[in-house]
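# Working through the structure, step by step
Now for the letters of each chain:
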Amino acid sequence: MERKLRYAWWVVLVGLVVVAIWKLFLPHGTSAYVQKTDISREIVVYVAGAVEKPGLVRLEPDARVDDALKQVSLLPEANLESMNPAEKLKDGQKVTVPFKIVVPQTPAVSGNSTNTGNASSASKAAAPIPVAIPVSDGKININTAGLVELDKLSGVGPALAERIIKYRTEHGPFARAEDLENVSGIGPKTYEKMASQVTVGP
């Protein structure tokens, strides 16, 4: 009889221990597991670049770049052609939307322009081709002439014309036409070719 009572007491004790473990540990562990599962079902990425308001975007774990772009307002300048919308995202990733590259248009230069200085500069920028044109309407003032006018002198090309202007800028106006020989690349023989074409007067 005493043995049966002792056996019954042990059964009750084991039952109480099992109930206590179930009450104390299983609900807490289950709650933590559920909470952890809920958190793992979401990723956060940062979207910047050609968007109206750069910021954080919350997405599903298997989200793609296209999903992130759908949640932001893209600017008209956004260049989506250089992006891969099928790229899979990961938590903490930064998605940068690039801007379109705008190439400025080169304005057309009219051949009938009466402004010699502007036409000369535009012509040089577009096609700096040396052209040997004889001077028949008077001598060229080497203190005021531009690249195109200096390029017309005998023996002077685009590079030498630039040196003349650079020398004039650094040392001031030429006092006499012979001072052209002080410019690098212009010797007595070269100056002799253009001597009858140049002047320092008004």
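This one's a predicted model, so the numbers in the text were calculated from it and none came from an experiment.

## What to know about the overall build of the chain
Each helix and strand in the chain was counted, giving seven helices and five strands. Along the chain direction, N to C, the helices and strands of the chain fall in the order α-α-β-β-α-β-α-β-α-α-α-β. Here the chain, with 202 residues, has 24% of them falling under the buried criterion. Pairs at least 24 residues apart make up 43% of the contacts formed inside the chain by residues separated by at least 6 positions. Here the chain has roughly 14,800 Å² of accessible surface; of this, 58% comes from carbon and sulfur atoms.

## Digging into the sheet that holds strand β1 (residues 43-49)
The strand order β2-β1-β3 describes an open sheet built from three strands, whose pairing is mixed. What marks the edges here is a single partner per strand, and that holds for β2 (55-59) and β3 (94-97). Pairs of neighbouring strands in the sheet enclose a mean axial angle of 30°, with direction left out of account. Across five bridges, the pairing between β1 and β2 is antiparallel. Paired with V47 across the strands is G55, a residue of β2.

## Remarks on the pairing of β1
Counting buried residues in β1 gives five out of seven residues, a clear majority hidden from the surface. Connecting β1 to the next strand, β2, in antiparallel fashion are five residues. The pairing of β1 with β3 spans four bridges and is classified as parallel. Looking across to β3, one finds that V47 is bridged to V95.

## Points about the nonpolar core
Counting residues in hydrophobic clusters, the biggest one holds 18 residues, and the most contacted among them are I164 and L180. Those elements giving two or more residues to this core turn out to be α6 (158-171) and α7 (188-194). Per element, the largest residue contribution to this core is four residues, and it comes from α6. If near-sequence neighbours (up to four positions away) are discounted, I164 is found in contact with L150, V156, F174, L180, V183 and I186. Grouped together as the second largest cluster of nonpolar side chains are 17 residues, L59, A63, A78 and M83 included.

## A word on the confidence of the model for the chain
In this model, the chain carries a mean pLDDT of 76, and residues with pLDDT of at least 70 account for 71%. The least confident element of the chain, judged by mean pLDDT, is helix α4 (residues 116-126) at 48; the most confident is β2 at 93. Long-range and interchain partners of residues 119-136, a stretch whose pLDDT sits below 50, account for 17 contacts in this model, where long-range means more than four residues apart.

## Comments concerning the pattern of salt bridges
Following the criterion strictly, the structure yields three salt bridges and no others. Residues R58 and E42 are paired through a salt bridge, measuring 3.3 Å at the closest nitrogen-oxygen approach. Of the two residues, R58 is situated in strand β2 and E42 in the loop between α2 (26-40) and β1; the sequence distance between them amounts to 16 residues. Note on R58: relative accessible area 54%, which makes it exposed. Taking the shortest distance from any N to any O, the salt bridge between K70 and D66 comes out at 3.3 Å. With K70 and D66 both in helix α3 (residues 65-70) and four residues apart, the pair spans about one turn of that helix.

So, how was this worked out
- Residues numbered from 1 in each chain as written.
- Predicted model: local features only at pLDDT ≥ 70, side-chain atom pairs only at ≥ 80, totals over all residues.
- Heavy atoms only, no water.
- Helix = DSSP H or I, 4+ residues; strand = E, 2+ residues; numbered from the N terminus.
- Buried < 20%, exposed > 50% of the residue type's maximum accessible area, 1.4 Å probe, protein only.
- Contact = heavy atoms within 4.5 Å.
- Areas by Shrake-Rupley, 256 points an atom, 1.4 Å probe, with all protein chains shown as cover.
- Pairing = 2+ DSSP bridges.
- Axes fitted to C-alpha atoms, helices over the stretch in contact; angles between N-to-C directions.
- Core = buried A, V, L, I, M, F, W, Y, C linked by side-chain atoms within 4.5 Å.
- pLDDT = per-residue confidence, 0-100.
- Salt bridge = Lys/Arg side-chain N within 4 Å of Asp/Glu carboxyl O.

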